[in-house]
Amino acid sequence: MSESSFARYGREYVPGDVLFREGESGDVMFVIQSGAVRITKSVAGEDKLLAVLGPGEFVGEMAILNQKPRNATATVTEPSRCLVIEARKLETMLQSNAEIAFRLIKKLAKRLDAADALVDILMHRDPKARVMLALARHAEAFGQHTPEGIRIRTSAADLAREVDVDLAIVDEVMARLRRLKLLADGPPARAAIVVTDLQRFLDFIEFLETPQKFGGES
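The rules behind each value
- Residues numbered from 1 in each chain as written.
- Predicted model: local features only at pLDDT ≥ 70, side-chain atom pairs only at ≥ 80, totals over all residues.
- Heavy atoms only, no water.
- Helix = DSSP H or I, 4+ residues; strand = E, 2+ residues; numbered from the N terminus.
- Expected span 1.5 Å × (residues − 1).
- Buried < 20%, exposed > 50% of the residue type's maximum accessible area, 1.4 Å probe, protein only.
- Polar contact = N/O pair within 3.5 Å; in protein donor to acceptor, adjacent residues only side chain to side chain.
- Pairing = 2+ DSSP bridges.
- Axes fitted to C-alpha atoms, helices over the stretch in contact; angles between N-to-C directions.
- Contact = heavy atoms within 4.5 Å.

Considerations on helix H5 (residues 127-142)
Its 16 residues place the ends of H5 22 Å apart at the C-alpha level, agreeing with the 22 Å of an ideal helix rising 1.5 Å per residue. The buried fraction of H5 is high, at 12 of 16 residues. Every buried residue belonging to H5 is among Ala129, Arg130, Val131, Met132, Ala134, Leu135, Ala136, Arg137, His138, Ala139, Ala141 and Phe142, and all of these are buried. Measuring from the side-chain oxygen of the N-cap residue of H5 to the backbone nitrogen of lysine 128 gives 3.0 Å; that N-cap residue is aspartate 126.

Some remarks on the sheet that holds strand S8 (residues 149-152)
Spatially, S7-S8-S10-S9 is the arrangement adopted by the four strands of the open sheet, whose pairing is antiparallel. Since the sheet does not close on itself, it has two edges, and those belong to strand S7 (144-146) and strand S9 (183-185), each with one partner. Ignoring strand direction, the axes of neighbouring strands in this sheet form an average angle of 35°. As paired strands, S8 and strand S10 (residues 193-195) are joined by three bridges and run antiparallel to one another. Looking across to S10, one finds that isoleucine 152 is bridged to isoleucine 193. The strands that H5 touches are S7, S8, S9 and S10; relative to S8, the one it contacts most, it runs at about 105°.

This is how it looks when you write it as structure tokens:
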């Protein structure tokens, strides 16, 4: 994303800015150059976290592609720079550039996998397992690769609401994972969650899940 592109299509946002709200009509999408955007959906009167997206991600494309109202709310959580792409411009880009179309399809497929994973997580009977599976989901689908590991932009409180468990359980699980060196704090902020080794983390979850697959208890 060049500076000339940003000068033409870009906008800057501050934490708390709402890019769009659930139920609104939409004729633009956003490509995140820097910062982060939180995606939430209202369920039974409560905002449920779907994702926290960072640089290189896009948001708001579905309202353009299916010409339906926004199905979620997008709120800026860090100082952000985004390209704002109108519907007609997106259509032209997709028709003229096969690589852009291919990347869009891959992103949409990844989002669908993440949505399916959330459904499976919510059906799991063990609340502690739901927390770990949610951490893995965020790391795989939306995480930012850093030298320390994969940074997850969501918070413990958001995870608790997302998978319908008490915050105390989330804190307990994360404390255990930190003791096992599977999670770490920051950077850039100490409050950030970092999965230090994703494959080792997934292997650990698989190890805990194995007894249940054979009818036992984890």
